[in-house]
Amino acid sequence: MSLIPGLGLAKGMALTLRRFFEPKVTIMYPEERLDVTPKFRGRLQLLYDEWGTLKCETCFQCAQACPIECIDMGGMDTRGRYHVHWGAPETYGERREESALRRSGRPVPDPAYRPFGPIDLGALDRILEEHDHDPADLLPILEETQEAYGYLPVAALKRISHVTGAGYAMIYGTASYYGHLRFEPATAEDQARAVADHRPPEARYLAALGSALDGDGRSAKAARA
Amino acid sequence: MTKILKTPASWPTILLGRAGAADPTDLDAAVAAGAFDGLRRTIRDLGGAATVAMIAASKLRGRGGGGFPAAEKWQAALAVDAPRRYVVANGYGADPASRTDRTLLERDPYAVIEGTAIAAYAVGATESFIAVRAEDTAIVGRLAEAIGAATDAGFLGPDAHGSGQEISVAVRPVQGAYMLGEETVLLKALEGKRGQPEQRPPHPTERGLFDMPTVVHNVQTLAAVPWIIREGPDAFTAIGSSRAPGTILVSLRTPAGDGVAEVPTGTPLRDIVKLGGKLPAGRAIKAILVGGPSGGMLPPDLLDTAYDFASLREAGAHVGSGSVVVVGDGTDIVELIGVLTRFCSTEACGKTIPCRIGTRRLAELVGRREAGRSRPTDAGDAADLSADIVASALCDHERLATLPLMSGMRYFGSEFDDSRRRQPARTEATHG
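Residues numbered from 1 in each chain as written. Chains lettered and ligands numbered in written order. Predicted model: local features only at pLDDT ≥ 70, side-chain atom pairs only at ≥ 80, totals over all residues.

**Q** Would you mind showing me how to read the overall build of chain A here?
**A** Along chain A, the regular secondary structure elements total 11 helices and 2 strands. Order of helices (α) and strands (β) in chain A, N terminus to C terminus: α-α-β-β-α-α-α-α-α-α-α-α-α. When each of the 225 residues of chain A is scored for burial, the buried share is 16%. Across chain A, every contact between residues at least 6 apart in sequence was considered, and the portion connecting residues at least 24 apart equals 40%. (Helix = DSSP H or I, 4+ residues; strand = E, 2+ residues; numbered from the N terminus. Buried ≥ 20, exposed ≤ 12 C-beta atoms within 10 Å, placed from the backbone. Contact = placed C-beta atoms within 7 Å.)

The following block contains the structure:
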């Protein structure tokens, strides 16, 4: 009990008022988005075995374990009798109508999902043969695959995983790390970059150094854009 | 090819002694100039143990920025009982603005190859790799050619120089990430894995490439080894500073001129900057960026700082990539620091959370300063955050990524205030 009646209340209100005039850090999420770091590994995908069957056996353990319930899933039980699902019924019902991809707000499907389609694996098999199917040579294998196909098709990564015995997740982890490997056909921008020899962060850094030498700070700003 | 800056005649040359050769891959000319003499002595006269002792006596330290004693790495690798050992020469040169490692590789590939072979013989490694930037196709080709010539001449191969031991050296071009300059990341790349650093200990000398003891050295460190064997450790310790003797390559960029120079360790920064030539009339030095993208921003009154590992760390910079950039007087320091901090943040591999998120927060903080919208708590937050990132660091990138901002705030505090004043703080929209 404080000596002056109402002091606690006044203190509390003062804090509220102070906070009221401070700048807000919340952003209006779907309309406004923060940049996601390029190394963000947020792509979830279900894997297929070598016979083209989904490896997921709908055990629900992932959905059960997800602490913030962002995984929900549904499927037929193993004998094809009833539809089972995990997750809040309302989310599930909504998801049945609209694809998860569309709900995520992307206007077009992620092109990385498209190359599940068959590709001619002849060139890849020759590359793998050359490297003795050795997963230790993964980086050169990936580089040569990209040279042969122009990019790294998902079907090729699956083939590499199947033949070398290295896990798909490990191969995808390696391929997504290195700046020169890509999962989509090269755009004009990529081609220009290949000529410039420097990845964009490197180019920005070099431009800033160049302008520091000239003592002209303005071009550093241009380099950032 | 990169220009080699002329240094005073009293400065010794260890690394670039054969840099003037008309054709660096001409084996006969290189042998006539002393190449593979060190390897011959190692195999014929010294043997492994005496070689390691000789390197230990020379106090040779790693030139990759860390400054770790080279012989200690060799002894550590020898102390582990293993079926195979590896030697890896790191010539990746992660900093795109620094040309030190590349200059050495293009001017004198045989020095690096011989140094690698001596290290391989001393630690009993049959396979060795020289990692280089894949973008530099000319260097990759030149190294492959030089290794081929040395193998044909019998210096390398299954019975290297009549030693009865196999010493094979291979070029491994790598690319695609700044972090490849870090030793454990480079080893991951050579194994074909995602390039993320490993917890140390166990150090690579204990468990490195394919879980075997691996000695990883910068190419400059290895290129100094043949010279030490040839001239003796005493001649080496007589050069440069007493704690880290020898010479080191510096990639200098000034408004007057740029190039690569070989300087004895402990040379004052002032003398290094002078190598670039006289500054154009009316131009002044505002700052010196020492150490590459994660380097320190030093003010001109620290020009007398000695260029060696300990003195630079004390001043708030580091040897790093060997790059020394003179920042002209018209430059906005805060903006330049912003570019560097953002570079360090984008290139972070993301393995540890303090680095992945902390460097991003620092980049946002510099961004607010640039826009003149910084918060009163920012300076304190930056210091706290930086200390946390450094304390939890898994690799050197994380340990050094905060250096541009920290050194900038230490020496150019007024600049940070200026940029706040230039654009008075705008009140942000309440529904921001």
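From this point, things continue past the structure.
**Q** Help me understand the overall build of chain B in this model?
**A** The number of helices and strands found in chain B is 17 helices and 9 strands. The C-alpha radius of gyration computed for chain B amounts to 22 Å, which stays within 12% of the reference 22 Å derived for 432 residues, consistent with globular compactness. Counting only C-alpha atoms, chain B reaches 75 × 50 × 35 Å along its principal axes. For chain B, buried positions account for 56% of its 432 residues. (Rg over C-alpha atoms; globule rule 2.2 N^0.38 Å.)

**Q** What is the right way to look at the sheet that holds strand 3 (residues 168-174) of chain B in this model?
**A** Strand pairing within a sheet occurs via backbone hydrogen bonds; the two strands may be parallel or antiparallel. Residues and elements named next belong to chain B. Pairing is parallel across the open sheet formed by 4 strands, whose spatial order is 3-2-1-4. Two strands close off the open sheet at either side, each with one partner strand: strand 3 and strand 4 (214-218). Geometrically, the sheet is characterised by an average inter-axis angle of 20° between neighbouring strands, direction not taken into account. Pairing analysis gives 5 bridges linking strand 1 (residues 86-91) to strand 4, with the strands arranged parallel. Looking across to strand 4, one finds that V88 is bridged to V216. This element, helix 5 (residues 109-123), spans strand 1, strand 2 (127-133), strand 3 and strand 4 of the sheet and lies at about 155° to strand 1. Against the sheet, helix 7 (residues 183-190) makes contact with strand 1, strand 2, strand 3 and strand 4, and its axis sits at roughly 110° relative to strand 1, the strand it touches most. (Pairing = 2+ DSSP bridges. Axes fitted to C-alpha atoms, helices over the stretch in contact; angles between N-to-C directions.)

**Q** Would you explain the pairing of strand 9 (residues 323-328) of chain B in this entry?
**A** Taken residue by residue, a regular strand's side chains alternate between the two faces of the sheet. Residues and elements named next belong to chain B. The buried fraction of strand 9 amounts to 6 of the 6 residues, a majority that puts the element mostly inside the structure. Here 3 bridges tie strand 5 (residues 247-253) to strand 9, and the two strands are oriented parallel to one another. The residue of strand 9 that forms the bridge with S251 is S323. Pairing geometry for strand 7 (residues 285-290) and strand 9, over 5 bridges, is antiparallel. Following the sheet pairing, I285 is matched in strand 9 by G328.

**Q** Teacher, can you tell me more about the pairing of strand 1 of chain B here?
**A** All names here are of chain B. Among the 6 residues that make up strand 1, 6 are buried, leaving the element largely enclosed by the rest of the structure. Burial along strand 1 is two-sided: the residues Y86, V88 and N90 and V87, A89 and G91 are all buried. Relative to strand 2, strand 1 is paired through 6 bridges, and the arrangement is parallel. For Y86, the partnering residue across the bridge sits in strand 2 and is E127.

**Q** Looking at this structure, how should I read the nonpolar core?
**A** The nonpolar side chains of a soluble globular protein tend to be buried, and buried together. Of all hydrophobic cores here, the largest spans 149 residues; its most connected members are B:V88, B:V112, B:A117, B:A119, B:A131, B:L186 and B:I288. The biggest single contributor to this core is helix 5 of chain B, with 11 residues. (Core = buried A, V, L, I, M, F, W, Y, C linked by C-beta atoms within 7 Å.)

**Q** Before we go on, may I ask you to explain the interface of chain A and chain B in this structure?
**A** Taken residue by residue, the interface counts 37 residues in chain A and 37 residues in chain B. Among the secondary structure elements, those contributing two or more residues to the side of chain A that touches chain B are helix 6 (138-149), helix 8 (168-177), helix 10 (200-214) and helix 11 (218-224) of chain A. Looking at the side of chain A that touches chain B, its residues break down into 19 nonpolar, 8 polar and 10 charged. (Nonpolar A, V, L, I, M, F, W, Y, C, P; charged D, E, K, R; others polar.)

**Q** Mind showing me how you'd approach the packing of helix 6 of chain A against helix 8 of chain A here?
**A** Relative placement of two packed helices is described by the angle separating their axes and the distance separating the axes. All names here are of chain A. Where helix 6 meets helix 8, the axes come as close as 11 Å, and the angle between the chain directions of the two elements is 70°. With respect to helix 8, the element helix 6 is oriented roughly perpendicular. Considering only the axes of helix 6 and helix 8, their crossing is right-handed. Of the residues in helix 8, those touching helix 6 at L138, L139 and L142 are I171, T174 and A175. For the contact of helix 6 with helix 8, the residue count by class is 5 nonpolar, 1 polar and no charged. (Parallel < 35°, antiparallel > 145°, perpendicular 65-115°, else oblique. Left-handed = near helix turned anticlockwise from the far one by under 90°.)

**Q** Would you mind going over the confidence of the model for chain B with me for this structure?
**A** Keep in mind that low pLDDT regions are not for reading the predicted coordinates in detail. Residue and element names in this part refer to chain B. Taken over all residues, the pLDDT of chain B has a mean of 89, while the share at 70 or more is 96%. For the stretch residues 427-432, pLDDT sits under 50, and the model shows 6 contacts to residues farther than four places along the chain or on other chains. Listed scores for the predicted complex are pTM 0.80 and ipTM 0.84. (pLDDT = per-residue confidence, 0-100.)

**Q** Would you mind going over the domain arrangement of chain B with me for this structure?
**A** Reports of interface size often rely on the accessible area that becomes lost once the parts have come together. Residue and element names in this part refer to chain B. We note that the domain assignment places domain 1 (27-237) and domain 2 (247-421) within chain B. Here the C-alpha centroids of domain 1 and domain 2 sit 30 Å apart. Taken together, the contact between domain 1 and domain 2 spans 22 residues of the former and 22 residues of the latter. (Domains from an automatic or database assignment.)

**Q** Please explain the sheet that holds strand 6 (residues 258-264) of chain B as it appears in this structure.
**A** Read from one edge of the open sheet, 5 strands run 6-5-9-7-8 (chain B), paired in mixed fashion. Edge positions in the sheet fall to strand 6 and strand 8 (296-298) of chain B, since each has one partner strand and no second. Between one strand axis and the next, the sheet turns by 25° as a mean value, whatever way the strands run. Most of the contacts of helix 10 of chain A go to strand 9 of chain B, to which it runs at about 50°, and overall it touches strand 5 and strand 9 of chain B.

**Q** Explain the environment of B:L269 here, please?
**A** Residue and element names in this part refer to chain B. Summarising the element assignment, L269 is placed in helix 10 (residues 269-274). In this structure L269 comes out as buried when scored by C-beta crowding, with 25 C-beta atoms within 10 Å. Along the backbone, L269 and W74 are 195 residues apart, and their C-alpha atoms lie at a distance of 32 Å. Apart from residues no more than four positions distant in its own chain, L269 is found in contact with I288, L303, T305 and Y307.

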